[in-house]
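# Understanding the architecture of this molecule
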Amino acid sequence: MTGKVEEALGYEQARDELIEVVRRLEAGGTTLEESLALWERGEELAKVCRRWLEGARARLDAALAEEAEAEAEQGDGAGEGRS
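Rules of the game
- Residues numbered from 1 in each chain as written.
- Predicted model: local features only at pLDDT ≥ 70, side-chain atom pairs only at ≥ 80, totals over all residues.
- Heavy atoms only, no water.
- Helix = DSSP H or I, 4+ residues; strand = E, 2+ residues; numbered from the N terminus.
- Buried < 20%, exposed > 50% of the residue type's maximum accessible area, 1.4 Å probe, protein only.
- Contact = heavy atoms within 4.5 Å.
- Areas by Shrake-Rupley, 256 points an atom, 1.4 Å probe, with all protein chains shown as cover.
- Salt bridge = Lys/Arg side-chain N within 4 Å of Asp/Glu carboxyl O.
- pLDDT = per-residue confidence, 0-100.

## Brief notes about the overall build of the protein chain
Scanning the protein chain for helices and strands turns up 3 helices and 0 strands. Taken from the N to the C terminus, the helices and strands of the protein chain come in the order α-α-α. In the protein chain, which comprises 83 residues, the proportion classed as buried is 13%. By sequence separation, contacts in the protein chain at least 24 residues apart represent 74% of the contacts at least 6 residues apart. Carbon and sulfur atoms make up 54% of the accessible area of the protein chain, which amounts to about 6700 Å² in all.

## Thoughts on the pattern of salt bridges
With the rule as written, the count across this model stands at 5 salt bridges. Ionic pairing is found between R15 and D16, a salt bridge with its closest N-O pair at 3.1 Å. Overall, R15 belongs to the partly exposed group, its relative accessible area being 31%. Residue class for D16 comes out partly exposed when judged on its relative accessible area of 42%. The shortest N-O distance in the salt bridge between R41 and E44 comes to 3.1 Å. Of this pair, R41 and E44 both sit in helix 3 (residues 32–78), 3 residues apart, which is roughly one turn of that helix. Salt bridges linked by common partners bring E17, R41 and E44 together as one network.

## Digging into the confidence of the model for the protein chain
When pLDDT is averaged along the protein chain, the result is 89; 83% of the residues meet or exceed 70. Least confident of the elements in the protein chain is helix 1 (residues 4–8), whose mean pLDDT is 66; most confident is helix 2 (residues 11–27), at 98.

Given below as structure tokens:
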């Protein structure tokens, strides 16, 4: 699952699948080949989660910067007209 399909995966879906991958790896009982495949899938899922979180952080930062800018503009205008 790579490319567009991976991009369509939501954060919660990727997180839940990653939890399942970790659970299976911790439980053991898989062949080396299965373990490697699970590990690789886990790495892919972790990247998906990281991209979602980075995107959310960017949106938060933008919203906070916009709010700070609006407050600064209000502060600049508050002193006008006073002498």
